[in-house]
Amino acid sequence: MSAVAFSCPRCFAALKSTPPIPGERPQCPRCLSVFELEIFPALFRHREKAAEAERVLLEGESTCFYHLDRKAILPCHSCGRFLCSLCDCEVHSEHFCPSCLETGVKKGRIKSIENRRVRHDTIALTLAIAPMLFFYLTLVTAPATLFVVVRHWKTPLSIVGSTRLTFVVAALVALLQIVGWIVIVFLVIVFLSGRANL
Amino acid sequence: MAEPTYKRLTWSRTRRKSAITALRAPRQSLWLTHDHLLSIDSASFAEEYKRFYFRDIQAFFICPNSRMAIWNGILSAVLIMHLLVFGWMGASFTVLAIVAAVLGIPLIINNIFGPACRVYVRTSVQVEELPSLSRIKRAQRVLDKVRPLVIAVQGTLPAENPQEATEEQMQ
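Just so it is clear, the structure is predicted and the values come from calculations on it, not from any experiment.

### Examining a positive patch on the surface
All names here are of chain B.
Alright, step 1. A cluster of like positive charges, contributed by Lys 7, Lys 137, Arg 141 and Lys 145, occupies part of the molecular surface.
Alright, step 2. Take the positive patch: its biggest share by element is 3 residues, from helix 3 (residues 136-154).
Alright, step 3. You can see Lys 145 is positioned in helix 3.

Here's what the structure looks like:
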């Protein structure tokens, strides 16, 4: 039986009392922090051994797309290429090849492992409100806000779910700014034409 | 695959490295769904997600610290200093009461929240700090919600010699 390596989460020094006992309050020998521990069985679980792909023994057996001498066990869920157990990347009972997994992560196609999202609604609202400090900037930013709202209306928002209210508010503010500019231009034209008549 | 429904566990709190970077630091919040905890770091216009699946969570560390006492000291000093200055200037009792109320509220709130701590979650591949669990009371409340879900997936840990018992269970 090998003791579980247990280290201080602050300074990463090894704690003296390994394996940990549920409910104990160990103290780090280096930074002297005292911890309350809540441990679960996964702490003592051994890591599973990496899969070993079988070699092709019979002629006519399907082979892996990436390893021609390895036996294919299943197709990629995304591209359909045959994969051996080395190339099989399982994500929530769906199987992907390494390249599809990488593309899926980059493009956010595999929702369960998506790790980043841009908040276009916040961008639109900031673009609508922040330039109001320097009003003349809104001549450019108001149309830009409307563009962001229209362009990203269907783009997924936060993963924890949020409404499109921010987009609506941003669009309304931008429209008001555009209306404001139209009124200003109209008034200037009226003023200039009045002076010309005089 | 449909997106899971998340339930908020904590409001966001700055993942602060230093006082200088506090303004640009991401804000971390914690969410719960049927099979994992989701930590969201919101910075500027992007969100970064970290999922801690119940089957992978090995331990939670709660490290009590003296942040509440430090804030109590600072807020009390500010309150006393203002009362002394206003008293010396001959302010009326009403003014002193207003000053005490305004400066006393943060002090009361700090004490209502209770002792401070840092919480870390450990999986087989990482130890991650959860800054939004900055008070022991709140951390215990969240752990009370998460614990049964983790136990439902992993089973309970025997009280005596957990390592041997777990290894035997696996064999």
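### Remarks on the side chain of B:Thr14
Alright, step 1. Tracing the backbone through its elements, the reader meets B:Thr14 in strand 1 (residues 7-14).
Alright, step 2. At a separation of 2.9 Å, a polar atom in the side chain of B:Thr14 contacts the side chain of B:Arg27.

### Quick word on the packing of aromatic side chains
Alright, step 1. Summed over the entire model, instances satisfying the criterion amount to 5 aromatic pairs over all chains.
Alright, step 2. Between the aromatic rings of A:Phe35 and B:Phe61, the centroid separation amounts to 5.6 Å while the plane-to-plane angle is 75 degrees, which identifies the pairing as edge-to-face. Pair noted here: A:Phe35 is in the segment before strand 1 (36-39) and B:Phe61 is in strand 5 (residues 59-64), and the two residues belong to different chains.
Alright, step 3. On the basis of relative accessible area, B:Phe61 is assigned to the buried category, the value being 0%.
Alright, step 4. Cation over ring: A:Arg81 sits above A:Phe65, and NZ or CZ is 4.4 Å from the ring centre.
Alright, step 5. Directly above the aromatic system of B:Tyr53 lies the positively charged group of B:Arg55, at a separation of 4.8 Å from the ring centroid.

### Brief notes about the domain arrangement of chain B
Alright, step 1. Here chain B is partitioned into domain 1 (7-62 + 142-154) and domain 2 (67-113).
Alright, step 2. Centre-to-centre separation of domain 1 of chain B and domain 2 of chain B, based on C-alpha positions: 34 Å.

### Section: helix 1 (residues 67-88) of chain B
All names here are of chain B.
Alright, step 1. Across its 22 residues, helix 1 extends 31 Å between first and last C-alpha, which sits within 8% of the 32 Å expected from 1.5 Å per residue.
Alright, step 2. Buried within helix 1 are the following residues: Met 68, Asn 72, Leu 75 and Leu 79. Take helix 1 and look down its axis: the buried residues cluster within an arc of 80 degrees, on one side only. Away from its buried face by more than 90 degrees, helix 1 exposes Met 81, Leu 84 and Trp 88.
Alright, step 3. For helix 1, the secondary structure elements touched by its buried residues are helix 2 (93-113).
Alright, step 4. Downstream of helix 1 by a residue or two, Gly 90 has a phi angle that is positive, lying close to 80 degrees.

### Considerations on the pairing of strand 3 (residues 36-43) of chain B
All names here are of chain B.
Alright, step 1. Along strand 3, 6 of the 8 residues are buried, which leaves the element largely enclosed by surrounding structure.
Alright, step 2. Relative to strand 3, strand 2 (residues 27-32) runs antiparallel, the two sharing 6 bridges. Bridged to Ser 29 within strand 3 is Ile 40.
Alright, step 3. Where strand 2 folds back onto strand 3 in an antiparallel hairpin, the turn is made up of 3 residues.
Alright, step 4. As consecutive antiparallel partners, strand 3 and strand 4 (residues 46-53) are separated by 2 residues, and within that stretch Ser 44 has a phi angle of approximately 50 degrees, a positive value.

Definitions and limits used
Residues numbered from 1 in each chain as written. Chains lettered and ligands numbered in written order. Predicted model: local features only at pLDDT ≥ 70, side-chain atom pairs only at ≥ 80, totals over all residues. Heavy atoms only, no water. Patch = residues over 30% accessible without salt bridge, like charges linked within 9 Å, V, L, I, M, F, W, Y side chains within 5 Å. Areas by Shrake-Rupley, 256 points an atom, 1.4 Å probe, with all protein chains shown as cover. Salt bridge = Lys/Arg side-chain N within 4 Å of Asp/Glu carboxyl O. Lys, Arg positive; Asp, Glu negative; His and termini not counted. Charge placed at Lys NZ, Arg CZ, Asp CG, Glu CD. Helix = DSSP H or I, 4+ residues; strand = E, 2+ residues; numbered from the N terminus. Polar contact = N/O pair within 3.5 Å; in protein donor to acceptor, adjacent residues only side chain to side chain. Phe/Tyr/Trp six-rings, centres within 6.5 Å; stacked < 30°, edge-to-face > 60°. Buried < 20%, exposed > 50% of the residue type's maximum accessible area, 1.4 Å probe, protein only. Lys NZ or Arg CZ within 6 Å of the ring centre and 35° of its normal. Domains from an automatic or database assignment. Expected span 1.5 Å × (residues − 1). Arc of directions from axis to C-beta. Contact = heavy atoms within 4.5 Å. Pairing = 2+ DSSP bridges.

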